[in-house]
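Overview (structure and organization)
Spelled out, the chains give:
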Amino acid sequence: MHNLTQPRAVERLVAGQPTSDGAGVKLTRVLPHTLQQRLDPFLMLDAFGSDQANDYIAGFPDHPHRGFETITYMLEGRVRHRDSAGHEGLLQSGGVQWMTAGRGVIHSELPEQEEGRMEGFQLWLNLPARNKLCEPWYRDIPSSEIPQWEGEGMVVRVIAGEHRGVAGAVQREHTEPLYLDVHLPPGARFEQTLPDSHNAFVYVYRGAVRFDSGCSVPRQRMAILANTPGSDGVRLKAGEEGARLLLIAGRPLGEPIAQYGPFVMNTQAELMQAVRDFQSGRLA
């Protein structure tokens, strides 16, 4: 254990908003755009999960992105994605697709299943102003290539950042994202070091957890963690059913955020240029 001396408290709990996106895919917007400044550099987190094909089958046909990164993590299901930069892949259970839209891509995500469960998350991570128009980049990370820390009955999947010396599948210099999928048996204690300057949140998607400060977080709630000067990390304990949760943290960019749908820039003028580029076929 890291023996944290000042673990973070929970600032507040947030219940996600049911919505639909793409061609009618039902999802829960866990991190809405009203929290973008508070949780900078993260712009959005959607959770999706259904056994009903009608909730997901239409998928996300061609749509543009510019100025940020999308991280799609599939717990269960199969989705084929293609983009205008010539990338194509099949995202399957336990896998991650990490896409840097940069100056622009046209992208589609369509289910390759007609029945069964589809469940997962999509996180939007901002890019610093100087990188917003970079070349698009993309990586498929199958489940077998996501590093894991295992011990004391726990499994910690390290998608980005580091946990107990296990480096994640992806590292980012400017935003220093931490993205952990944590599986805890009943009553297990979990710790993670974190700089006090990073914005951080926990989303519980199975079971429940309790923080050292006494705050309990039930299933399908996001806990925004307080940015207390001198705090050194996160400590929590699983409830009697155990728990599964995402712990996500990153270094804030502290830059203006201008968003219009799938474009995230720093100024209204840059947004208008993105729309013009898309309409004239120059985005990607």
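Now for a quick tour of the structure. Residue indices begin from 1 for each chain and proceed along its sequence in written order. Whole-chain, interface and lining totals are the exception, using all residues; otherwise, since this is a predicted model, local features are given only for residues with pLDDT of at least 70 and side-chain atom pairs are given and counted only at 80 or more. The basis for every side-chain value is the complete set of heavy atoms in the structure, and neither hydrogens nor water enter the calculation.

1. What to know about the nonpolar core
The cut-off we apply is this: Buried Ala, Val, Leu, Ile, Met, Phe, Trp, Tyr and Cys residues that are joined via side-chain atoms within 4.5 Å together make up what is termed a nonpolar core. Categorising residues by exposure relies on relative accessible area from a 1.4 Å probe, with only protein chains included: less than 20% of the type maximum marks a residue as buried, more than 50% marks it as exposed, and the intermediate range marks it as partly exposed. Contact definition: two residues touch when any of their heavy atoms are within 4.5 Å.
Grouped together as the largest cluster of nonpolar side chains are 30 residues, with contacts concentrated most on Phe 121, Tyr 179, Phe 201 and Met 222. Residue contacts for Phe 201: discarding those within four places in its chain leaves Leu 31, Leu 39, Phe 42, Leu 45, Leu 123, Met 222, Ala 223, Ile 224, Leu 225, Leu 246, Leu 247 and Ile 248. Grouped together as the second largest cluster of nonpolar side chains are 28 residues, Met 154, Val 156, Val 202 and Ala 238 included.

2. Here we look at the sheet that holds strand β9 (residues 96-100)
What counts is decided by this rule: Strand pairing is assigned whenever DSSP detects at least two bridges linking the two strands. Labels follow the DSSP assignment, with helices taken as runs of H or I lasting at least four residues and strands as runs of E lasting at least two, numbered in each case from the N terminus. Every axis in this analysis is a line fitted to C-alpha atoms, fitted for helices over the stretch in contact. Angles between the N-to-C directions lie between 0 and 180 degrees.
Reading across the sheet, the seven strands line up as β2-β3-β4-β11-β6-β9-β12 and stay open at both edges, with antiparallel pairing between neighbours. The open sheet terminates on both sides in strands that have one partner only, identified here as β2 (17-21) and β12 (137-141). Across the sheet, the mean angle from the axis of one strand to that of its neighbour is 20°, orientation sign disregarded.

3. Some details on the packing of aromatic side chains
The following threshold applies: A pair of Phe, Tyr and Trp rings is counted when the ring centres sit within 6.5 Å of each other, with Trp represented by its six-membered ring. The angle between the planes then sorts it: under 30 degrees is stacked, over 60 is edge-to-face, the rest tilted.
Within the structure shown, the criterion is met by six aromatic pairs. Ring centres 4.4 Å apart and planes at 35° place the aromatic pair Phe 68 and Trp 124 in the tilted group. Within this pair, whereas Phe 68 is found in strand β6 (residues 68-76), its partner Trp 124 is found in strand β11 (residues 118-126), the two being separated by 56 residues in sequence. With a centroid separation of 6.0 Å and an interplanar angle of 80°, the aromatic rings of Phe 121 and Tyr 203 are classed as edge-to-face. Here the residue Phe 121 occupies a position in strand β11, and Tyr 203 occupies one in strand β19 (residues 199-211), the gap between them amounting to 82 residues. For Phe 121, a relative accessible area of 2% translates into the label buried.

4. Quick word on helix α1 (residues 268-279)
Definition in use: Expected helix span is computed as 1.5 Å times (number of residues minus one). The arc in question is traced by the directions running from the helix axis to the C-beta atoms.
A rise of 1.5 Å per residue sets the reference length of α1, with its 12 residues, at 16 Å; its end C-alpha atoms lie 17 Å apart and thus fit the reference within 8%. Inspection of α1 places Leu 271, Ala 274 and Asp 277 among the buried residues, and these make up the whole buried set. All buried residues of α1 lie within an arc of 125° about the axis, which places them on one face of the element. Those residues of α1 that are exposed and angled more than 90 degrees off the buried face are Gln 268, Ala 269, Met 272 and Gln 279. Structurally, α1 contributes buried residues whose contacts are with β23 (258-260) and β24 (263-265). Note on α1: the residue one or two positions beyond its end, Gly 281, has a positive phi of about 80°.

5. Concerning the pairing of strand β3 (residues 25-31)
Pairing analysis gives five bridges linking β2 to β3, with the strands arranged antiparallel. In the sheet register, Gln 17 faces β3, and the bridge partner there is Arg 29. Here three bridges tie β3 to strand β4 (residues 42-50), and the two strands are oriented antiparallel to one another. Directly across from Leu 31, in β4, lies its bridge partner Leu 45.

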